[in-house]
Amino acid sequence: MNKNKLRDFYILWSTQSLSQLGSAVTAFALTLWLYDKTGSVLSTSALRICTYAPYVVMSIFAGSITDRFDKKRTMLICDLIAALTTVAVFVLYKLDTLELWHLYLINAISGLMNTVQQPASEVAYTLVIPKDYYQKTSGLQSLSRSLITIGNPLIAAAVYGLAGLDAAIAVDLVTFVIAFAALAFFIRIPDVPEKDENEGNVLQLAKEGLSYLKENPMILYVILFMAGVNLIASAFDAALPGFIIPNPRGGNYIFGVVSSFSGVAMIAGSFIATVMPKPKNRVRVIYLSMLFSLATENYLLALTRSPVLWCIGQFLGWIFVPVMAANQNVIMKNSIPVRLQGRVYACRNTLQFFTIPIGLLLGSFMVDNICEPLMARSDAQSVIHLLFGSGKGSGAALVLFILGIAGTAVCLIFGHKLKNYTYTD
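Every chain is numbered on its own, with residues counted from 1 as its sequence reads. Confidence filtering applies because this is a predicted model: local features only for residues at pLDDT of at least 70, side-chain atom pairs given and counted only at 80 or more, and all residues used for totals across whole chains, interfaces and linings. In computing side-chain values, all of the structure's heavy atoms are included and hydrogens and water are not.

Chemist: I'd like a description of the overall build of the protein chain, backed by residues and values.
Modeler: Summing up its helical and strand segments, the protein chain has 17 helices and zero strands in all. Its C-alpha radius of gyration of 21 Å places the protein chain within 12% of the 22 Å reference for a compact globule of 425 residues. Across its three principal directions, the C-alpha atoms of the protein chain cover 70 × 55 × 40 Å. Note on definitions: a residue-residue contact is assigned when non-hydrogen atoms from the two residues lie within 4.5 Å. In the protein chain, 86% of the contacts between residues at least 6 apart in sequence involve partners at least 24 apart. To measure how exposed things are, a 1.4 Å probe is used in the Shrake-Rupley method; for residues, cover is taken only from the protein chains shown. In the form shown here, the protein chain has an accessible surface area of approximately 18,000 Å², with 67% of it arising from carbon and sulfur atoms. Neither His nor the chain ends contribute to the count of charged residues, in which Lys and Arg are positive and Asp and Glu negative. To locate a charge, the coordinates of NZ of Lys, CZ of Arg, CG of Asp or CD of Glu are taken. Considering the protein chain, the positive charge centre built from 31 side chains and the negative charge centre built from 24 side chains are found 7 Å apart. In this description a helix means any DSSP run of H or I spanning at least four residues, a strand means any run of E spanning at least two, and both kinds are numbered starting from the N terminus. The size measure is the radius of gyration over C-alpha atoms, and the globule rule it meets is 2.2 Å times the number of residues to the 0.38 power.

Written as structure tokens, this is what we have:
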């Protein structure tokens, strides 16, 4: 393989991944800081809801904006504004004036920048990667996401515990500077080879993205299936801190360790995605990967009391996520014309990820307002206490079990529809 063909990809991938690690460290440290301050699952979930809400609402328009403007310049501007929001958190924290509403507003602005930056980044990767290397590079991107998932909770828990929130933010800012400089001075992103002759307004271009999905039902159904998966997964993410942190065998550090095992699993899954031969039907691989994930992790965590088993549950739940992601990426990159990718990816983001803030709200509400009070009121000798334990955190365990049932049902329902579609490249 001629490594020069992937030079720009390697620089972009490595530096952007480093910056994403820094951002993830800050996000995790903020979760710990906020849970320590409020003890509420809902308040911590609200941070991610504020990030995802503008992302979901505006993505459908952001892609059309992305298609009309220079990809590199768009990424640089969005990254710079997002970094300024991190600086704002740092200043407010050092002045001891940081409040919840500050974090919610700042996360909303950061999420809005990510809304525009993400589809620009997707197209940029397409432009710098030769077509023959799509599957290999998708596996490498999954690998970096895995390393971030492993590293960020451990680094954040250690840095936050030893040096405080301001140190975690400093890590974020240093990694941003490295990524920004690399993109600005060392990476050339080619122009889109086929320009759109009819560049309409933002609404018209967004409509074209939706029209493309409507005319390609296989891609649309895969996206809708993943929206259902994201609903369950985000509710799980909301409930997990409330399950582990107050548990007698848990705490902040154990929460970080258990969270990191999803990254360990994704490294293994990324290796599988990188070396596996082309499957006969990529759609079937996506469906079976998610069925295995949702039908194992939730039950194992909900019904056990051992951190070792929690880690095993995380591993089983995440090992095939990179396989799913790589196959979905290949389908979309090979199927969608490059000139349309920004607007179609943006429509994908709206349709596939709109369930994330709903899931975060649903999962945290179920923990704080339904299942924890239910467990507190119920007889200590009842079946639900035998299954899910007692004390704070047992209600979150009940939520995880319910999500396991719901996730299995989502996969079986969509699987019946997806079996009518095949994709082989």
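Chemist: I'd like a rundown of the side chain of Gln328, residues and numbers included.
Modeler: Here Gln328 is to be found in helix α13 (residues 321-335). Beyond its immediate sequence surroundings of up to four residues, Gln328 is in contact with Val222, Ile223, Met226, Ile286, Arg348 and Gln352.

Chemist: Got a sec to walk through the environment of Val283? Specific residues and values, please.
Modeler: As for its position among the elements, Val283 is in helix α10 (residues 282-294). Each C-alpha atom of the pair Val283 and Tyr421 lies 6.9 Å from the other, and the pair is 138 residues apart in sequence.

Chemist: A description of the environment of Asn369 should follow, citing residues and the corresponding values.
Modeler: Here Asn369 lies in helix α15 (residues 355-377). For Asn369 and Val177, which are 192 residues apart along the polypeptide, the C-alpha to C-alpha distance reads 42 Å.

Chemist: Can you lay out the packing of helix α4 (residues 100-128) against helix α14 (residues 338-353) for me, pointing to particular residues and giving the numbers?
Modeler: Axis angle and axis distance: for two packed helices, these are the angle between their axes and the distance between the axes, and together they describe the pair. Where α4 meets α14, the closest approach of the two axes is 9 Å, and the angle between their N-to-C directions is 140°. Taken together, the axes of α4 and α14 are oblique relative to one another. The element α4 and its partner α14 pack so that their crossing is right-handed. Across the interface between the two elements, Gln118, Pro119, Glu122, Val123, Thr126 and Leu127 from α4 touch Val338, Gln341, Gly342, Tyr345, Arg348 and Asn349 from α14. Each residue gets one label: Ala, Val, Leu, Ile, Met, Phe, Trp, Tyr, Cys and Pro are nonpolar, Asp, Glu, Lys and Arg are charged, and the others, such as Gly, are polar. Residue classes in the contact of α4 with α14 are distributed as five nonpolar, five polar and two charged. For helices, the fitted axis covers only the stretch in contact; all axes are lines through C-alpha atoms, and the angles between them, taken along N-to-C directions, range from 0 to 180 degrees. Each angle receives one of four descriptions, namely roughly parallel if under 35 degrees, roughly antiparallel if over 145, roughly perpendicular if within 65 to 115, and oblique otherwise. Working rule for handedness: look at the near helix, and if it is turned counterclockwise from the far one by less than a right angle, call the crossing left-handed; if clockwise, right-handed.

Chemist: If you had to explain the pattern of salt bridges to someone new, which residues and values would you point to?
Modeler: Criterion for a salt bridge: a side-chain nitrogen of Lys or Arg within 4 Å of a carboxyl oxygen of Asp or Glu. Taken as a whole and assessed by the stated rule, the structure comprises four salt bridges. A salt bridge links Lys94 to Asp166; the shortest N-O distance between them is 2.8 Å. With a gap of 72 residues between them, Lys94 in helix α3 (residues 71-94) and Asp166 in helix α6 (residues 165-186) connect regions that are remote in the sequence. Arg348 serves as the salt-bridge partner of Glu122, at 3.5 Å between the closest nitrogen and oxygen. Of this pair, Glu122 sits in helix α4 while Arg348 is found in helix α14, placing the two residues 226 residues apart along the sequence. Here the two residues Glu122 and Arg348 agree in accessibility, since each one is buried. Relative accessibility thresholds used throughout: buried, under 20% of the residue-type maximum; exposed, over 50%; partly exposed, between the two (1.4 Å probe, protein chains only).

Chemist: Residue-level account of a nonpolar patch on the surface, with values.
Modeler: For patch detection, residues must exceed 30% relative accessible area and be free of salt bridges, and they are connected within 9 Å for like charges or within 5 Å for nonpolar side chains (Val, Leu, Ile, Met, Phe, Trp, Tyr). A contiguous nonpolar patch, built from Ile77, Ile81, Trp101, Leu105 and Ile109 and spanning about 470 Å² of accessible area, is present on the exposed surface. Elements that contribute at least two residues to the nonpolar patch include exactly α3 and α4. For the nonpolar patch, the element with the most residues is α4, which contributes three residues. Mapped onto the elements of the fold, Ile109 is located in helix α4.

Chemist: With reference to specific residues and values, describe the side chain of Gln16.
Modeler: The residue Gln16 is located in helix α1 (residues 7-38) in this model. On the basis of relative accessibility, which here comes to 6%, the residue Gln16 falls in the buried class. The contact partners of Gln16, leaving out residues within four places of it in the chain, are Met75, Asp79, Gln117, Tyr125, Ala179 and Leu183.

Chemist: Requested: an account of the packing of aromatic side chains, with residues and values cited.
Modeler: Geometry of aromatic contacts follows a simple scheme: Phe, Tyr and Trp rings, the Trp one being its six-membered ring, pair when their centres are within 6.5 Å, and the pair is stacked under 30 degrees between planes, edge-to-face over 60, tilted otherwise. One pass over the full model with this rule turns up 13 aromatic pairs. Plain terms: the ring middles of Tyr299 and Phe401 are 5.7 Å apart, the flat faces sit at 65° to each other, and that makes the pair edge-to-face. With a gap of 102 residues between them, Tyr299 in helix α11 (residues 297-302) and Phe401 in helix α17 (residues 394-418) connect regions that are remote in the sequence. Classification of Phe401 as partly exposed rests on a relative accessible area of 24%. For the pair Phe388 and Phe401, a centre-to-centre distance of 5.5 Å together with 55° between the ring planes defines the contact as tilted. Of this pair, Phe388 sits in helix α16 (residues 383-388) while Phe401 sits in helix α17, and the two are 13 residues apart along the sequence.

Chemist: Could you give an account of the packing of helix α8 (residues 217-244) against α13, with specific residues and numbers?
Modeler: Between α8 and α13, the shortest axis-to-axis distance is 11 Å and the interhelical angle comes to 150°. Classified by the interaxial angle, the pair formed by α8 and α13 is roughly antiparallel. Here α8 and α13 pass one another in a crossing that is left-handed. Here Met218, Ile219, Val222, Ile223 and Met226 of α8 come into contact with α13, specifically with Met324, Gln328, Ile331 and Ser335. When its residues are assigned to classes, the contact of α8 with α13 shows seven nonpolar, two polar and no charged.

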